[in-house]
Amino acid sequence: MAEKKRFIDDFEEYEVTEEHHPSRAGTVVRIIFYIMILLVNCAIIFRVCMAEDPKAVKNLKLTDALRAAYAEKGDELEIYTQSVYDMYTQDGVYYATGLFFCPSAGELQVSVRYNVRTADTAITGTPEGNMLAEALFEAGRFGVPSLSAEVIKRQVASTVTYSEGEMRNGDFFAFRLTDDEGRTYTPNDAERLTRILYVYHKLTFDGLPEDNVDYYLEIYPSYGGTPDYSTVLGRMRVYSTERSREEYSLSGSEKKGLS
């Protein structure tokens, strides 16, 4: 605090205020405090931006099936959007968004997202890990005869991991669409996008009937480009007849692109 000293001269009494300047250490502490606040705010803004999916994932993809349907229906073509019923798989690893359904074109579009830091837990211990475990068991590498192959599989699964770079650049997953009638559809188009921690697969399925059915997206492991359809890693109901849907309004540029 400032201190006041009183002086008296021959004419009047007056006060002089002496200012105490902060120490250098106090100034440094304040600067560090302000920098920390700035970094925390930047981290919050970054996380908020990352939570928002890129436009390429959320936007409608103009396809040949939609162009053919638009040529027949014109502005009467109906394309619907809907909030994905099961937005996450049960384990929380996979997330779905960007749903578009056009009954006249028999087409459904949906995007799947996963985090490169966590998605490897869904595939470790499956065929690659199991094959390694079987080989170790047969070779007696563990040196403990009482250990079963299943125990070794669990041990291998706990050590087999993939780096963030491998998960970001590798092709570890396959996708199919199924409906209530047991019909199965493979994507005729799959666009892969990456964004820092996330990988997106924008999937397009054609040949869907106009029946009033629910659609489910199933995720499988893929090894060397060969899907393992016997192992379901995750399942989401992406389109539901129980949930209301909204008609999507085509923009002028989209209509031009479909013409």
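Note: the structure precedes this text.
Residues numbered from 1 in each chain as written. Predicted model: local features only at pLDDT ≥ 70, side-chain atom pairs only at ≥ 80, totals over all residues. Heavy atoms only, no water.

**Observations regarding the overall build of the chain**
Secondary structure assignment for the chain yields seven helices and 13 strands. Buried residues in the chain amount to 38% of all 259 residues. For the chain, the exposed surface amounts to about 15600 Å²; the carbon and sulfur share of it is 52%. (Helix = DSSP H or I, 4+ residues; strand = E, 2+ residues; numbered from the N terminus. Buried < 20%, exposed > 50% of the residue type's maximum accessible area, 1.4 Å probe, protein only. Areas by Shrake-Rupley, 256 points an atom, 1.4 Å probe, with all protein chains shown as cover.)

**Quick notes on the pairing of strand S4 (residues 94-102)**
Within S4, nine of the nine residues are buried, which leaves it mostly tucked inside the rest of the structure. Judged from the two bridges that link them, strand S3 (residues 80-81) and S4 form a sheet pairing that is antiparallel. If you follow Thr-81 over to S4, its bridge partner there is Phe-100. Two strands pair when backbone bridges link them, and S4 and strand S5 (residues 107-115) are joined in this way by seven bridges, in the antiparallel orientation. (Pairing = 2+ DSSP bridges.)

**Side note on the nonpolar core**
Grouped together as the largest cluster of nonpolar side chains are 31 residues, with contacts concentrated most on Tyr-94, Leu-108, Phe-173, Phe-205, Tyr-215, Leu-217 and Val-238. Sorting the residues of this core by element identifies S4, S5, strand S6 (173-179), strand S9 (198-205), strand S10 (215-223) and strand S12 (234-239) as the ones contributing at least two each. Non-local contacts of Leu-217, meaning those with residues more than four positions away in its chain, are made with Val-110, Val-112, Phe-175, Arg-176, Leu-177, Leu-203, Phe-205, Gly-234, Arg-235, Met-236 and Val-238. Membership of the second largest hydrophobic core comes to 12 residues, among which are Leu-66, Ala-69, Tyr-70 and Ala-105. (Core = buried A, V, L, I, M, F, W, Y, C linked by side-chain atoms within 4.5 Å. Contact = heavy atoms within 4.5 Å.)

**Points about a nonpolar patch on the surface**
The grouping of Val-28, Ile-32 and Met-36 at the surface amounts to a nonpolar patch, some 280 Å² of accessible area in total. Along the chain, the position of Met-36 falls in helix H1 (residues 24-51). By relative accessible area, Met-36 is classed as exposed at 52%. (Patch = residues over 30% accessible without salt bridge, like charges linked within 9 Å, V, L, I, M, F, W, Y side chains within 5 Å. Salt bridge = Lys/Arg side-chain N within 4 Å of Asp/Glu carboxyl O.)

**Points about the side chain of Arg-176**
Following the sequence through the fold, Arg-176 ends up in strand S6. For Arg-176, which is buried and forms no salt bridge, the nearest opposite charge comes from Glu-218, at a distance of 4.9 Å. At 3.2 Å, the side chain of Arg-176 and the side chain of Tyr-220 are in polar contact. Ignoring anything within four residues of it in the chain, the contact list for Arg-176 reads Thr-184, Tyr-185, Thr-186, Phe-205, Tyr-216, Leu-217, Glu-218, Tyr-220 and Tyr-229. (Lys, Arg positive; Asp, Glu negative; His and termini not counted. Polar contact = N/O pair within 3.5 Å; in protein donor to acceptor, adjacent residues only side chain to side chain.)

**Describing the pattern of salt bridges**
Enumeration over the complete set of coordinates arrives at 10 salt bridges. Residues Asp-189 and Lys-61 are paired through a salt bridge, measuring 4.0 Å at the closest nitrogen-oxygen approach. Here the residue Asp-189 occupies a position in strand S8 (residues 189-195), and Lys-61 occupies one in the loop between helix H2 (55-58) and helix H3 (64-73), the gap between them amounting to 128 residues. Of the residues examined, Asp-189 reaches a relative accessible area of 28% and is grouped as partly exposed.

**Considerations on the sheet that holds strand S13 (residues 246-247)**
Pairing is antiparallel across the open sheet formed by six strands, whose spatial order is S8-S9-S5-S4-S3-S13. The open sheet has two free edges, formed respectively by S8 and S13, since each of these has just one partner strand. In terms of strand pairing, S5 meets S9 through eight bridges, oriented antiparallel. Counterpart to Asn-115 in the pairing with S9 is Tyr-198.

**Describing unusual backbone geometry**
Even without being glycine, Ile-196 reaches a positive phi, approximately 55°. With respect to the helices and strands, Ile-196 occurs in the loop between S8 and S9. Residue Ile-196 is classed as partly exposed on the basis of its relative accessible area of 45%.

**Focus: the side chain of Gln-82**
Of note, Gln-82 is situated in the loop between S3 and S4. Note on Gln-82: relative accessible area 8%, which makes it buried. Ignoring any residue separated from it by four or fewer positions in sequence, one finds Gln-82 in contact with Leu-99, Val-238, Tyr-239, Ser-240, Arg-243, Ser-244 and Arg-245.

**Let's talk about the packing of aromatic side chains**
Centre-to-centre distance and the angle between the planes together describe a pair of aromatic rings. The full count for this structure, using the stated rule, is 11 aromatic pairs. An angle of 85° between the planes, with centres 5.5 Å apart, marks the rings of Tyr-94 and Phe-173 as edge-to-face. On the criterion of sequence distance, the pair formed by Tyr-94 in strand S4 and Phe-173 in strand S6 is long-range, its members being 79 residues apart. Comparing Tyr-94 with Phe-173, the two get one shared label, buried. When the centroid spacing of 4.9 Å and the interplanar angle of 55° are considered together, the rings of Phe-101 and Tyr-239 count as tilted. Of this pair, Phe-101 sits in strand S4 while Tyr-239 sits in strand S12, and the two are 138 residues apart along the sequence. Given a relative accessible area of 3%, Phe-101 falls into the buried group. Three or more aromatic residues link up through ring pairs in this structure, and these residues are Phe-101, Tyr-185, Tyr-215 and Tyr-239. For Arg-113, the ring lying beneath its charged end belongs to Tyr-198, and the centroid distance is 4.3 Å. (Phe/Tyr/Trp six-rings, centres within 6.5 Å; stacked < 30°, edge-to-face > 60°. Lys NZ or Arg CZ within 6 Å of the ring centre and 35° of its normal.)

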